[in-house]
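Listed below, chain by chain, are the residues.
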Amino acid sequence: MKNRILTFLLLCLSSIVNAQDITHKNGLKLVFFDEFDYQGLPDSTKWVFEEGFVRNEEPQYYTKNRLANCRVENGCLVIETRKEQFTNPVYHPDSANWKYNRHFAQYTSASINTKGKYWYKYGRIEVRAKVPSGLGTWPAIWMLGDNKKKMQWPRYGEIDIMEFLGKDSTVVYGTVHYSDSVGQMQHRGEAPVVGKPADGFHVYAVEWNKKQIVFYYDSLKYFVFDYKKAKANPGNIFKKKFYLLLNMALGHQGSWAGAVDDAILPAKFYIDYVRVYQ
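The numbering scheme is per chain: residues are counted from 1 as the chain's sequence reads. Confidence filtering applies because this is a predicted model: local features only for residues at pLDDT of at least 70, side-chain atom pairs given and counted only at 80 or more, and all residues used for totals across whole chains, interfaces and linings. Hydrogens and water molecules were not included; the side-chain quantities draw on all heavy atoms of the structure.

**Here we look at the overall build of the protein**
Numbering goes from the N terminus for both helices and strands, where a helix is a DSSP run of H or I of at least four residues and a strand is a run of E of at least two. When helices and strands are tallied, the protein shows 1 helix and 18 strands. Taken against the 2.2 N^0.38 rule, which gives 19 Å for 278 residues, the C-alpha radius of gyration of the protein at 20 Å falls within 12% of a compact globule. Considering only C-alpha atoms, the protein reaches an extent of 75 × 45 × 35 Å along its principal axes. For every residue, the accessible area (1.4 Å probe, protein chains only) is compared with the maximum for its type, and the residue is labelled buried under 20%, exposed over 50%, or partly exposed between those bounds. Burial status across the protein gives 48% buried among its 278 residues. Based on C-alpha atoms, the radius of gyration is set beside the globule rule, defined as 2.2 Å times the residue count to the power 0.38.

Written as structure tokens, this is what we have:
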């Protein structure tokens with residue numbers, strides 16, 4: 001009986017310690033999280049879906065509320081990119097816009113974000129995830145400024161916490177995009193060789209304050225973007241609120257991510273948790 005009581009007390013103590021580890025980090029307090037400890041679609045009080053052909057003339061169609069492409073199961077958010085024909089519901093044959101003149105998509109995927117739900121200004125944004133391997137895959141964890149409706153990219157700023165290209169299987173990318181004082185696009189970043197990110201889960205994080213943004217791969221600090229030391233000063237762009245995005249895109253011939261190898265599909269991007277500390 002004593003051994004059982006001792007085991008129970010140790011388990012309780014372990015739970016308390018683990019909870020403290022989660023709710024506080026580096027002197028900061030947890031203000032937003034999703035541990036994905038449920039089943040089905042992602043929590044609609046925290047996440048919204050993008051839908052359609054969205055950016056960069058990418059070939060995938062982002063579906064909305066479709067479990068085949070985005071679901072929570074076994075403690076993870078799963079974003080799945082599939083090879084399948086999918087009808088574009090806003091197709092218009094006379095449109096000059098690539099988002100509307102494609103009758104069918106040949107690939108589907110998902111992109112979710114916290115826009116309109118949660119905005120962040122400074123703190124540590126931390127995501128534990130496992131990226132997929134395969135040519136053409138392009139998963140990302142990133143942030144956009146909340147002034148998106150009022151101005152054109154990159155004037156509102158972009159923080160790419162992690163981008164992974166299947167064609168560059170040993171590298172992860174951490175990047176910032178912004179415009180300088182005359183409106184010219186600027187970007188700064190680093191792409192450390194880290195081994196094989198697709199082989200397991202890793203923590204991708206930024207620590208962001210009014211002076212700089214620091215990028216991490218697990219415990220490796222690999223890029224510091226100091227606003228004042230930047231070649232072109234971003235001004236106040238990174239001193240405003242941002243929202244978080246999680247998605248998996250595909251490349252195409254001539255794009256940064258390169259052409260897709262259909263043989264590697266379906267591909268799955270696993271997110272174990274999202275935590276924001278301030």
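Past the structure itself, the notes keep going.
**Looking at the sheet that holds strand β11 (residues 158-163)**
Paired through backbone hydrogen bonds, the strands of a sheet run either parallel or antiparallel to each other. The pairing criterion for strands is at least two bridges between them, as found by DSSP. Taken together, the 7 strands give an open sheet; going across it, the order is β3-β8-β17-β10-β11-β12-β13, and neighbouring strands pair in antiparallel fashion. Looking along the sheet, the strands with just one partner apiece sit at the ends: β3 (48-49) and β13 (185-190).

**Here we look at the pattern of salt bridges**
By definition, a salt bridge exists where a carboxyl oxygen of Asp or Glu is found within 4 Å of a side-chain nitrogen of Lys or Arg. Inspection of the entire model under this criterion finds 12 salt bridges. The shortest N-O distance in the salt bridge between Arg275 and Glu35 comes to 2.9 Å. Taken together, the residues span a long stretch of sequence, with Arg275 in strand β18 (residues 267-277) and Glu35 in the loop between β2 (28-34) and β3 at a distance of 240 residues. Salt-bridge contacts for Arg66 lead to Glu84; the nearest nitrogen and oxygen are separated by 2.8 Å. Pair noted here: Arg66 is in the loop between β4 (60-62) and β5 (70-73) and Glu84 is in strand β6 (residues 76-87), with a separation of 18 residues, a long-range link.

**Some details on the environment of Glu73**
Summarising the element assignment, Glu73 is placed in strand β5. On a C-alpha basis, the gap between Glu73 and Tyr38 in space is 6.9 Å, while along the polypeptide they are 35 residues apart. When sequence neighbours within four positions are dropped, the list of residues in contact with Glu73 reads Tyr38, Gln39 and Val78. Each polar contact in these results corresponds to two N or O atoms within 3.5 Å; when the atoms are within protein, one needs to be able to donate a hydrogen and the other to accept it, and residues that are neighboring in sequence are counted only if both atoms are side-chain atoms. A distance of 3.3 Å separates a polar atom in the side chain of Glu73 from a polar atom in the side chain of Arg71. Contact definition: two residues touch when any of their heavy atoms are within 4.5 Å.

**Quick word on a positive patch on the surface**
Patch definition: residues with relative accessible area over 30% and no salt bridge; like charges joined within 9 Å; nonpolar side chains (Val, Leu, Ile, Met, Phe, Trp, Tyr) joined within 5 Å. Throughout, the Shrake-Rupley method with a 1.4 Å probe supplies accessible areas, and for residues the shown protein chains are the sole cover considered. Positive charges are assigned to Lys and Arg, negative charges to Asp and Glu, while His and the chain termini are left out of the count. Lys charges are placed at NZ, Arg charges at CZ, Asp charges at CG and Glu charges at CD. Taken together, the side chains of Lys210, Lys211, Lys228 and Lys239 make up a positively charged region of the molecular surface. Its location among the elements puts Lys239 in the loop between β16 (220-226) and β17 (242-250).

**Some details on the environment of Ser133**
Within the element layout of this structure, Ser133 appears in the loop between β9 (123-130) and β10 (137-145). As for Ser133 and Asp199, which are separated by 66 residues in sequence, their C-alpha atoms are 8.4 Å apart. Once residues within four sequence positions are removed from consideration, Ser133 is found in contact with Ala198 and Ile264.

**A few points about the state of the cysteines**
Disulfides are defined as cysteine sulfur pairs within 2.5 Å. For the structure shown, the criterion picks out 0 disulfides. The closest cysteine sulfur to the non-disulfide-bonded Cys70 is located on Cys76, 12 Å from its own sulfur.

**Side note on the nonpolar core**
Looking at soluble globular proteins, one finds that nonpolar side chains tend to be buried together. Here the nonpolar core consists of buried residues drawn from Ala, Val, Leu, Ile, Met, Phe, Trp, Tyr and Cys, with membership extended through side-chain atoms lying within 4.5 Å. If you look at the biggest cluster of nonpolar residues, it comprises 52 residues, and the most contacted ones within it are Ile141, Ile159, Trp208 and Phe238. Apart from the residues lying within four places of it in its own chain, the contact partners of Phe238 are Tyr122, Gly157, Glu158, Ile159, Val176, His177, Tyr178, Trp208, Ile213, Phe225 and Tyr227.

**What to know about the pairing of strand β15 (residues 212-217)**
Burial runs high along β15: 5 of the 6 residues are buried. Taken together, the 5 bridges between strand β14 (residues 202-208) and β15 define a ladder with antiparallel strand orientation. Looking at the pairing, Tyr204 lines up with Tyr217 of β15. Between β14 and the antiparallel strand that follows it, β15, lie 3 residues. Bridge count for β15 against β16 is 6 bridges, and the pairing is antiparallel.

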